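# Fold and geometry: a report
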Amino acid sequence: MVKAKKDVSIVDDSVNDGEEKTYEELLNFLNPIAKPLASKKLTKRIYKCIKKASKEKSIRRGVKEVQKFLKKGETGFVVFAGDTQPIEVMCHIPVLCEDASIPYCYVPAKQHLGAASGSKRPTCCILVKKQEGYEETYKDCVKDIKKLPASY
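About the cut-offs
- Residues numbered from 1 in each chain as written.
- Predicted model: local features only at pLDDT ≥ 70, side-chain atom pairs only at ≥ 80, totals over all residues.
- Heavy atoms only, no water.
- Helix = DSSP H or I, 4+ residues; strand = E, 2+ residues; numbered from the N terminus.
- Buried < 20%, exposed > 50% of the residue type's maximum accessible area, 1.4 Å probe, protein only.
- Contact = heavy atoms within 4.5 Å.
- Areas by Shrake-Rupley, 256 points an atom, 1.4 Å probe, with all protein chains shown as cover.
- Core = buried A, V, L, I, M, F, W, Y, C linked by side-chain atoms within 4.5 Å.

A separate point is the overall build of the protein. Secondary structure assignment for the protein yields seven helices and four strands. The order of α-helices and β-strands along the protein, N terminus first, is α-α-α-β-α-β-α-β-α-β-α. Counting the 152 residues in the protein, one finds 43% classified as buried. Long-range pairs, those at least 24 residues apart, make up 79% of the contacts in the protein with a sequence separation of at least 6. On the protein, roughly 9600 Å² of surface is accessible, and the fraction owed to carbon and sulfur atoms is 52%.

Below, the discussion takes up the nonpolar core. Counting 23 residues, the largest nonpolar core has Ile46, Ile50, Phe77, Leu113 and Val128 as its most contacted members. Counting residues per element, this core draws most heavily on helix α3 (residues 40-55), at six residues. Leaving out residues up to four positions away in the same chain, Phe77 has contacts with Ile46, Cys49, Ile102, Pro103, Ile126, Leu127, Val128, Tyr138, Cys141, Val142 and Ile145. Counting residues in hydrophobic clusters, the runner-up holds 16 residues, among them Val78, Met90, Cys97 and Cys125.

Rendered as structure tokens:
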């Protein structure tokens, strides 16, 4: 007797309801501290830059890793997920970014942020370092992130 294998889905249908949420729907789940928030166009550009950076192995994923390398003096730009719960997990990192003059912004979903970095797991923050392979996209992202209104 052979057991039939179950079809295991990567996406949890109870969370995702089987369909992709739009940018506007994702805005309903944001934390109150998620400022400055990237626009829809900038969010797509940031995801493309993260995808290129992950191929070059020049990103830092997760709170512990990002915090460690910010304290060591690494530069780049930081992207936070706006729907991270509880917010106490990462609410201290924007202060580190401001002290080090590193641009940062928020995007609506941690699931999308994790997917952009080439992972199946969601992530709440990513540090993107500058590399020559995607320098044009990197400069565009940094320029647009600096144009966003300050959170304070």
